[in-house]
Amino acid sequence: MSAIRDNLVRIRERIERAAYKVRRRADEITLVAISKTHPANTIREAHELGVRHFGENRIQEWESKRNLLPDLDATWHMVGHLQSNKAARAVRLFHTIDSVDRSSLAERLDRERQNQHREAGKPGGSFLRAPVGRMRVLIEVKLDSKSAKSGVDYEDLEALAKRIRELPGLELRGLMAVPPYFEEPEHARPYFRRLSELRDALQGEFGAGSFPVLSMGMSHDFEIAIEEGATEIRVGTALFGDRPRA
Ligand SMILES: *Cc1c(COP(=O)(O)O)cnc(C)c1O
């Protein structure tokens with residue numbers, strides 16, 4: 001019996017329980033398996049078990065793994081800090097960039113998406129099966145100015161959202177955040193609630209339903225995130241086990 005299979009069963013139970021507690025449906029919540037540092041075969045195994053969303057945080061690493069997985073039909077998420085000079089590779093390697101935190105990056109992604117669109121008819125093709133439409137993006141919000149390295153500050157969030165919504169190559173769908181780590185997951189609740197409130201404020205400004213995605217919650221705290229409205233949870237360790245230390 002594979003460890004990943006057992007882990008997946010437990011994760012699905014945890015999702016069910018958390019959703020039930022707040023009268024949400026478990027099928028509103030997408031499991032994004034964070035496969036960074038794990039080999040391509042591990043991704044294949046999770047895919048065989050029905051996982052259809054995967055997240056990686058390094059362009060280089062994902063580029064080498066995806067060459068071993070050309071046949072897999074899944075949604076590939078970039079969840080790590082992205083340098084603008086890697087935007088061209090990012091739009092070709094991922095379906096969604098969940099970590100946009102500045103307008104210069106968004107503008108670069110938009111330009112590269114439009115270039116890719118122009119190339120789409122030419123031979124060579126894209127790794128991504130989906131037709132080259134607008135690139136899905138989420139804004140990463142910095143929930144804690146002391147510990148967080150990436151993410152947009154609260155006060156700049158609305159301006160960034162406004163800018164991204166003007167870019168024809170991108171489709172802004174919601175917000176993502178990584179709260180500080182707490183031994184006691186309950187302590188992360190105010191951060192998750194904050195992200196949810198920021199989303200509500202943006203919807204007040206830009207229209208109901210304009211930010212449907214809240215990507216929040218990781219292996220040790222995703223129940224709390226679900227209780228606070230997460231629609232996507234990003235789970236690495238609980239599914240794949242501990243990551244090898246670099
Ligand atoms: C690594 C990572 C995760 C997964 O963390 P786990 O604690 O292993 O579940 C989630 N989100 C981001 C952005 C990550 O880099």
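Parameters and conventions
- Residues numbered from 1 in each chain as written.
- Predicted model: local features only at pLDDT ≥ 70, side-chain atom pairs only at ≥ 80, totals over all residues.
- Heavy atoms only, no water.
- Near = heavy atom within 4 Å.
- Polar contact = N/O pair within 3.5 Å; in protein donor to acceptor, adjacent residues only side chain to side chain.
- Areas by Shrake-Rupley, 256 points an atom, 1.4 Å probe, with all protein chains shown as cover.
- Buried < 20%, exposed > 50% of the residue type's maximum accessible area, 1.4 Å probe, protein only.
- Helix = DSSP H or I, 4+ residues; strand = E, 2+ residues; numbered from the N terminus.
- Contact = heavy atoms within 4.5 Å.
- Core = buried A, V, L, I, M, F, W, Y, C linked by side-chain atoms within 4.5 Å.
- Phe/Tyr/Trp six-rings, centres within 6.5 Å; stacked < 30°, edge-to-face > 60°.
- Lys NZ or Arg CZ within 6 Å of the ring centre and 35° of its normal.
- Pairing = 2+ DSSP bridges.
- Axes fitted to C-alpha atoms, helices over the stretch in contact; angles between N-to-C directions.
- Parallel < 35°, antiparallel > 145°, perpendicular 65-115°, else oblique.
- Left-handed = near helix turned anticlockwise from the far one by under 90°.
- Nonpolar A, V, L, I, M, F, W, Y, C, P; charged D, E, K, R; others polar.
- Salt bridge = Lys/Arg side-chain N within 4 Å of Asp/Glu carboxyl O.

Caption draft 1: Representation of the site of the ligand within the structure. Taken together, Ile34, Lys36, Val79, Val178, Met218, Ser219, Arg234, Val235, Gly236, Thr237 and Arg243 make up all the residues around the ligand. In this structure, a nitrogen atom belonging to the ligand sits 2.9 Å away from a side-chain N or O atom of arginine 234. The separation between an oxygen atom of the ligand and a polar side-chain atom of arginine 243 is 2.8 Å. Against a free-state accessible area of 390 Å², the protein chains account for coverage of 88% of the ligand.

Caption draft 2: Structural detail: helix α6 (residues 154-166). If you check which residues of α6 are buried, you get Leu157, Leu160, Ala161 and Ile164. Packed against the buried residues of α6 are β4 (96-100), α5 (103-119), β5 (135-140), β6 (170-176) and α7 (189-206).

Caption draft 3: Main features of the nonpolar core. Counting 65 residues, the largest nonpolar core has Ile97, Leu109, Ile139 and Leu175 as the members making the most contacts within it. When residues in this core are grouped by element, the largest group, six residues, is from helix α1 (residues 3-21). Counting residues in hydrophobic clusters, the runner-up holds six residues, among them Val32, Val79, Leu138 and Met176.

Caption draft 4: Examining the packing of aromatic side chains more closely. This structure, assessed with the given rule, holds five aromatic pairs. For the pair phenylalanine 206 and phenylalanine 211, a centre-to-centre distance of 6.1 Å together with 45 degrees between the ring planes defines the contact as tilted. Through successive ring pairs, a cluster of aromatic residues spans Phe54, Trp62, Trp76 and Phe94. A cation sits over an aromatic face here: arginine 23 above tyrosine 20, 4.9 Å from the ring centre. Over the aromatic face of tyrosine 154 sits the side chain of arginine 194, whose NZ or CZ is 4.2 Å from the ring centroid.

Caption draft 5: Structural context of the pairing of strand β8 (residues 232-235). A two-sided burial pattern is seen for β8, the buried positions comprising Glu232 and Arg234 on one face and Ile233 and Val235 on the other. Examined bridge by bridge, strand β1 (residues 30-34) and β8 share four bridges and lie parallel to one another. By the bridge assignment, threonine 30 is partnered in β8 with glutamate 232.

Caption draft 6: Highlighting the packing of α6 against α7. One way to put it is that α6 packs onto α7 with a least axis distance of 11 Å and a crossing angle of 45 degrees. Of the possible angle classes, the one that applies to α6 and α7 is oblique. The way α6 lies across α7 gives a crossing that is right-handed. Residue-level contacts link Tyr154, Leu157, Glu158, Ala161, Lys162 and Arg165 of α6 to Arg194, Leu198, Leu202, Glu205 and Phe206 of α7. Taken together, the residues that form the contact of α6 with α7 break down as six nonpolar, no polar and five charged.

Caption draft 7: Inspection of the pattern of salt bridges at higher detail. All chains considered together, the criterion is met by 19 salt bridges. One salt bridge connects arginine 163 with glutamate 166, and the closest N-O pair in it is separated by 2.6 Å. One end of the pair is arginine 163 and the other is glutamate 166, both in helix α6 and three residues apart, which spans about a single turn. Under the relative-accessibility criterion, glutamate 166 is labelled partly exposed at 46%. Each member of the salt-bridge network shares a partner with another, and the members are Lys21, Glu186, Arg189, Arg193, Glu227 and Glu228.

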